[in-house]
Amino acid sequence: MTSVQSPVSPAERERLENCAREPIRRPGSIQPHGVLVTADPSSWTVLQASRNCDTVLGVSADDLLGTSVAGLLGARAVERLSAVLAGARGAANPVPVESQGRHFDAIVHRADGVVVLELEPTLPDDDFASVPAVYAAVSRLRAATTRDELWADAARELQELTGFDRVMVYHFHADGHGQVVAEERADPSMEPYLGLHYPASDIPAQARALYLTKLSRTIFSTAELAYPLCPVEVPRTGQPLDLSHAELRSVSAHHLQFMRNMGQASTLSFSLIVGGQLIGMVTCAHRTLRRLPYTLRQGLEVFADQVAAQLHSFSEIGRLARTAELLRMRNALVEQFTLTGSMAQSLLHGTVTVLDLVPAAAAVLRHDGLTSTTGDLPDTARVEQFVERLRADGGRLPFASDSLAIDRPELATLLPTVAGVLIVPIDGGRGYLAWFRHEITDTTEWLGDQSESNRDSTLSPRKSFSAWSSSVSAQAEPWQGLDEEAAQFSRDLDSAVLRNLQSDLAHFGFHDALTGLPNRRLLMDRIDHSLAGRNRGAGVALLFIDIDSFKAINDSLGHDSGDDALIRIAERLRSVTRDSDTVARLGGDEFVVVVAGSANLVTASQIASRVLEALRRPITVNDRPLRVTSSIGVAAAEADDTAVDLMRRADAAMYRAKRAGKDRIALG
Ligand code: BLA
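Here we summarise the structure given alongside this text. Treat the numbers as computed from the prediction; the structure is a model and nothing was measured.

Considerations on the overall build of the protein
Link 1 in the chain: Regarding its fold elements, the protein presents 21 helices and 27 strands.
Link 2 in the chain: Its C-alpha atoms give the protein a radius of gyration of 42 Å, more than 25% over the compact-globule value 26 Å for 668 residues.
Link 3 in the chain: Along the first, second and third principal axes, the C-alpha set of the protein runs to 135 × 60 × 50 Å.
Link 4 in the chain: Every one of the 668 residues in the protein was classed for burial, and the buried ones make up 49%.
Link 5 in the chain: If you take every contact in the protein between residues at least 6 apart in sequence, the share linking residues at least 24 apart comes to 65%.
Link 6 in the chain: Entry remark: accessible area of the protein is about 30,800 Å², with carbon and sulfur atoms responsible for 52%.
Link 7 in the chain: Side chains of the protein carry 67 positive and 84 negative charges; the gap between the two charge centres is 6 Å.

Spelled out as structure tokens, the structure:
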């Protein structure tokens with residue numbers, strides 16, 4: 001399931017604002033299937049009573065006012081209800097009570113400084129799922145391994161446990177609109193709603209806030225009236241009673257109309273809460289009247305809580321896996337750059353590319369005044385123009401849009417095939433990295449026609465709910481956090497550029513710029529290091545190499561060719577020595593090899609012969625073979641030799657080789 005954003009029309013915006021203002025916490029009335037009285041917390045004298053007391057209890061509300069609850073339910077019942085309010089051990093809602101031969105589940109809580117007592121006519125336990133059945137269903141949920149499986153299992157189990165004829169699991173998308181992600185119907189001829197989306201205003205903000213504190217919501221009848229409390233105001237506050245935690249709170253007229261239009265007579269809904277957020281709901285709906293005993297509703301709240309906890313763990317596992325994968329790709333890209341030093345090569349054409357990090361149709365890199373691209377993008381000149389104009393208009397980088405035509409219509413015409421753009425600065429803002437996405441052609445299936453003709457007025461619910469498709473245009477798949485990822489990547493990249501620069505500087509301090517070989521400084525350091533290892537039994541030997549008649553090469557072919565020759569000679573020296581040997585350039589045409597390991601005069605002169613041979617083979621300069629020879633002095637360190645002593649002796653040996661006619665080796 002990809003993430004979908006619903007189009008928010010002006011009418012939908014008006015609904016979102018107005019519907020959220022309905023004071024559903026303090027409607028001043030209750031649903032007809034039970035009664036509600038409020039009482040003074042110390043004397044239990046009745047302060048308010050619902051208008052339906054006469055039909056449900058056989059005593060009118062007016063007659064109850066000022067009497068004691070003990071007179072209605074008995075002193076023993078009041079004792080048990082007080083224990084529930086006091087949070088006494090073992091005391092809990094509901095308390096079974098009796099009045100004039102009628103049995104009720106009494107549910108008690110405090111609000112606005114008064115006791116709120118609700119009486120629901122007792123339902124025969126045998127007609128409903130038992131606590132062990134709920135427990136078994138909770139245990140079975142644990143077998144689900146994916147979110148879709150869990151959603152489907154939850155719908156199936158709840159249909160079985162509640163006996164309601166349609167159970168729907170909703171998922172709320174990031175913009176607040178909902179989607180039916182699982183559905184179980186008792187009767188296959190019922191119209192399916194699975195997969196359908198619905199606008200955020202179907203469940204307005206204040207209702208969602210309420211469902212965060214009250215985990216289940218019973219709406220028993222869409223047909224009957226609500227009954228007001230008498231008097232409507234709580235005497236001590238002068239305000240309608242806060243019914244947020246009441247079971248019987250009456251229902252918004254808008255929502256009752258919605259339910260009637262849906263063909264629902266009764267519903268029972270549960271909240272799915274993760275980390276204090278309402279991430280979804282489950283609604284059990286019935287075409288005829290149906291309600292469940294309080295005890296079973298409580299058991300099902302635990303069930304819903306288990307569903308939410310498992311959804312949370314799936315989303316956390318998914319989130320962590322995605323984070324780890326993104327980090328792995330970011331690191332791989334930075335590493336490719338560090339190794340190659342080429343930004344275009346490593347970011348656009350490496351084993352991992354920036355299109356793996358942020359999936360898109362194309363990516364563009366602007367670096368060092370050059371533009372490189374990968375993927376399907378028509379025109380780089382237009383991209384450059386786009387970014388220039390974006391910056392000229394004060395557009396700062398990073399820039400992200402998943403609908404260019406809506407966000408920057410004046411620039412969208414430059415890139416007609418593009419709907420989504422993400423740009424991050426690189427190189428301290430001198431360059432940039434950009435991703436481009438095409439328009440998505442997805443259609444969204446909605447629960448009912450979303451045009452205003454499907455409502456009597458703006459604030460009315462929809463009249464019909466058959467699946468209705470809408471397609472989005474000029475919209476790309478939203479970047480969804482990948483903009484953050486890209487910004488982090490640009491920071492990683494800038495640090496890598498800096499690190500490469502620093503290591504280049506460090507390198508040049510110890511290396512010869514022409515050949516890349518260690519310079520005199522590093523050479524002396526390496527010799528010192530090797531000499532220090534002598535006590536551990538290792539011998540140290542040097543070859544001092546001077547190219548014969550090099551000046552003649554410079555004079556006849558020019559300095560550039562001379563430099564080329566030195567580079568070739570350096571390569572030749574590297575190729576005939578071992579990795580563990582140090583080949584250094586002292587300057588001019590002088591090179592030194594530090595022979596590694598337990599070198600003595602014999603092993604060193606063997607290597608010297610190889611070098612002499614190798615340098616005699618012609619090198620290629622200006623596409624032409626060039627013959628050079630060398631004179632090599634070999635010296636092995638003696639007991640108290642310092643690096644300078646050893647160098648001096650090898651140098652002296654080299655002079656002897658020169659004087660003896662060049663192109664030869666002399667031992668020091
Ligand atoms: C509440 N709206 C709800 C609830 C649901 C829905 C599930 C929670 C209460 C319940 O029914 O259990 C929406 N019900 C749905 C959807 C489906 C379903 C989408 O069966 C099927 C997929 N509603 C409107 C408009 C307004 C409105 C226009 O359509 C306001 C102008 C209001 N809906 C509204 C209010 C509530 C509500 C105020 C809170 C009801 C309450 O708890 O008092």
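Picking up where we left off.
Considerations on unusual backbone geometry
Link 1 in the chain: Of the consecutive residues asparagine 93 and proline 94, the connecting peptide bond is found in the cis state with omega at -5°.
Link 2 in the chain: Mapped onto the fold, proline 94 is located in the loop between α5 (75-85) and β4 (95-99).
Link 3 in the chain: Backbone torsion omega between cysteine 230 and proline 231 reads -10°, so that peptide bond is classified as cis.
Link 4 in the chain: Summarising the element assignment, proline 231 is placed in the loop between β11 (227-230) and α9 (253-262).
Link 5 in the chain: Even without being glycine, aspartate 368 reaches a positive phi, approximately 50°.
Link 6 in the chain: With a phi angle near 50°, serine 549 is a residue other than glycine that sits in the positive phi range.

Digging into the site of the ligand
Link 1 in the chain: The environment of the ligand is formed by 31 residues, the closest being Cys19, Tyr211, Arg249, His255 and Ser269.
Link 2 in the chain: At 2.9 Å from a nitrogen atom of the ligand is found a main-chain nitrogen or oxygen belonging to aspartate 202.
Link 3 in the chain: Protein contacts shield 100% of the accessible area of the ligand, which totals 880 Å² for the unbound molecule.
Link 4 in the chain: Secondary structure elements with two or more residues in the shell around the ligand: α1 (10-19), β7 (166-172), α8 (205-213), β10 (216-219), α9 and β12 (266-274).
Link 5 in the chain: Counting residues per element, the shell around the ligand draws most heavily on α9, at four residues.

Quick look at helix α6 (residues 131-141)
Link 1 in the chain: Listed as buried for α6 are Val134, Ala137, Val138 and Leu141. Looking down the long axis of α6, one finds its buried residues gathered within 100° of arc, a one-sided arrangement. Projecting away from the buried face of α6 at angles above 90 degrees are the exposed residues Pro132 and Tyr135.

As for the packing of α6 against helix α10 (residues 294-340)
Link 1 in the chain: Running from amino to carboxyl end, α6 crosses α10 at an angle of 5°, the nearest separation of the two axes being 10 Å. On the basis of the axis angle, α6 is roughly parallel to α10. Of the residues in α10, those in contact with Val134, Ala137, Val138 and Leu141 of α6 are Leu296, Gly299, Leu300, Phe303, Gln306, Val307 and Gln310.
Link 2 in the chain: For the contact of α6 with α10, the class distribution of residues is eight nonpolar, three polar and no charged.

Some words on the sheet that holds strand β26 (residues 630-636)
Link 1 in the chain: With mixed pairing, the five strands of this open sheet are ordered in space as β22-β23-β21-β26-β27. Single-partner strands in this sheet number two, and they are β22 (582-587) and β27 (664-667). Strand-to-strand twist in this sheet, taken as the mean axis angle between neighbours without regard to direction, amounts to 20°.
Link 2 in the chain: The pairing of β22 with strand β23 (residues 590-595) spans five bridges and is classified as antiparallel. Note that in β23 the partner of arginine 585 across the bridge is phenylalanine 591.
Link 3 in the chain: In the packing of helix α20 (residues 601-616) onto the sheet, contacts are made with β21 (541-547), β23, β26 and β27, and the angle to β26 comes to roughly 170°.

As for the sheet that holds β11
Strand pairs in the sheet, formed through backbone hydrogen bonds, run parallel or antiparallel to each other.
Link 1 in the chain: Strand order in the open sheet made by the seven strands is β1-β11-β3-β2-β6-β5-β4, with antiparallel pairing throughout. Looking at which strands have only one partner, the edges of the open sheet turn out to be β1 (29-30) and β4.
Link 2 in the chain: Across the sheet, α5 touches β4, β5 (102-111) and β6 (114-121), and the angle it forms with β5 is around 35°.

Some details on the environment of glycine 163
Link 1 in the chain: Looking at where glycine 163 falls in the secondary structure, it is placed in the loop between α7 (147-162) and β7.
Link 2 in the chain: With 139 residues separating them in the primary sequence, glycine 163 and isoleucine 24 have C-alpha atoms 28 Å apart.
Link 3 in the chain: Apart from residues lying up to four places away in sequence, glycine 163 is in contact with Leu158, His286 and Arg290.

Brief notes about the pattern of salt bridges
Link 1 in the chain: All told, the structure shown has 37 salt bridges when counted by the stated rule.
Link 2 in the chain: Glutamate 120 is the partner of arginine 291 in a salt bridge, and the nearest nitrogen-oxygen pair spans 3.8 Å. Residue arginine 291 is found in the loop between β13 (277-286) and α10, and its partner glutamate 120 is found in strand β6; the two are separated by 171 residues along the sequence. Here arginine 291 matches glutamate 120 in class, with each residue buried.
Link 3 in the chain: With a shortest N-O distance of 2.9 Å, aspartate 492 and arginine 330 are connected by a salt bridge. In this pair, aspartate 492 is assigned in helix α16 (residues 482-510) and arginine 330 in helix α10, connecting sequence segments 162 residues apart.
Link 4 in the chain: The exposure class of aspartate 492 is buried, given its relative accessible area of 16%.
Link 5 in the chain: Overall, the relative accessible area of 12% leaves arginine 330 in the buried class.
Link 6 in the chain: Via salt bridges that share partners, Glu120, Lys214, Glu247, Arg291 and Arg297 belong to a single interconnected network.

So, the packing of aromatic side chains
Link 1 in the chain: Counted by the stated rule, this structure contains three aromatic pairs.
Link 2 in the chain: Both rings, one in tyrosine 170 and one in tyrosine 198, keep their centres 5.3 Å apart while their planes meet at 80°; by these two values the pair is edge-to-face. Of this pair, tyrosine 170 sits in strand β7 while tyrosine 198 sits in strand β9 (residues 197-198); the two residues are 28 residues apart in sequence, bridging distant segments of the chain. Tyrosine 198 carries the same exposure label as tyrosine 170, and that label is buried.
Link 3 in the chain: With a centroid separation of 5.2 Å and an interplanar angle of 70°, the aromatic rings of phenylalanine 258 and phenylalanine 465 are classed as edge-to-face. In this pair, phenylalanine 258 sits in helix α9 while phenylalanine 465 sits in the loop between β19 (443-447) and β20 (467-471), placing the two residues 207 residues apart along the sequence. This pair shows no difference in class: phenylalanine 258 is buried, exactly as phenylalanine 465 is.
Link 4 in the chain: The lysine or arginine in question, arginine 208, covers the ring of phenylalanine 172, its NZ or CZ lying 4.2 Å from the ring centre.

Quick word on α10
Link 1 in the chain: For α10, with 47 residues, the first-to-last C-alpha span of 69 Å sits near the 69 Å given by 1.5 Å per residue.
Link 2 in the chain: Glycine 341 sits one or two residues past α10 and shows a positive phi near 75°.

Some words on the nonpolar core
In summary, soluble globular proteins display a tendency toward joint burial of nonpolar side chains.
Link 1 in the chain: Core analysis: the biggest nonpolar cluster contains 33 residues, and Leu150, Val169, Leu272, Leu292, Leu300, Phe303 and Val307 have the highest contact counts within it.
Link 2 in the chain: Of the residues forming this core, the biggest block, eight residues, is contributed by α10.
Link 3 in the chain: Leaving out residues up to four positions away in the same chain, leucine 300 has contacts with Val134, Leu158, Leu161, Thr162, Phe270 and Leu292.
Link 4 in the chain: Counting residues in each nonpolar core, the second largest holds 32 residues, with Leu517, Leu573, Val621 and Val634 among its members.

Some details on the pairing of β27
Link 1 in the chain: Both β26 and β27 contribute to a ladder of four bridges, which runs parallel. Each bridged residue has a counterpart across the sheet, and for glycine 633 the counterpart in β27 is alanine 666.

Here is what the cut-offs are and how they apply
Residues numbered from 1 in each chain as written. Predicted model: local features only at pLDDT ≥ 70, side-chain atom pairs only at ≥ 80, totals over all residues. Heavy atoms only, no water. Helix = DSSP H or I, 4+ residues; strand = E, 2+ residues; numbered from the N terminus. Rg over C-alpha atoms; globule rule 2.2 N^0.38 Å. Buried < 20%, exposed > 50% of the residue type's maximum accessible area, 1.4 Å probe, protein only. Contact = heavy atoms within 4.5 Å. Areas by Shrake-Rupley, 256 points an atom, 1.4 Å probe, with all protein chains shown as cover. Lys, Arg positive; Asp, Glu negative; His and termini not counted. Charge placed at Lys NZ, Arg CZ, Asp CG, Glu CD. Near = heavy atom within 4 Å. Polar contact = N/O pair within 3.5 Å; in protein donor to acceptor, adjacent residues only side chain to side chain. Arc of directions from axis to C-beta. Axes fitted to C-alpha atoms, helices over the stretch in contact; angles between N-to-C directions. Parallel < 35°, antiparallel > 145°, perpendicular 65-115°, else oblique. Nonpolar A, V, L, I, M, F, W, Y, C, P; charged D, E, K, R; others polar. Pairing = 2+ DSSP bridges. Salt bridge = Lys/Arg side-chain N within 4 Å of Asp/Glu carboxyl O. Phe/Tyr/Trp six-rings, centres within 6.5 Å; stacked < 30°, edge-to-face > 60°. Lys NZ or Arg CZ within 6 Å of the ring centre and 35° of its normal. Expected span 1.5 Å × (residues − 1). Core = buried A, V, L, I, M, F, W, Y, C linked by side-chain atoms within 4.5 Å.

Read these as spatial facts, not as claims about activity.
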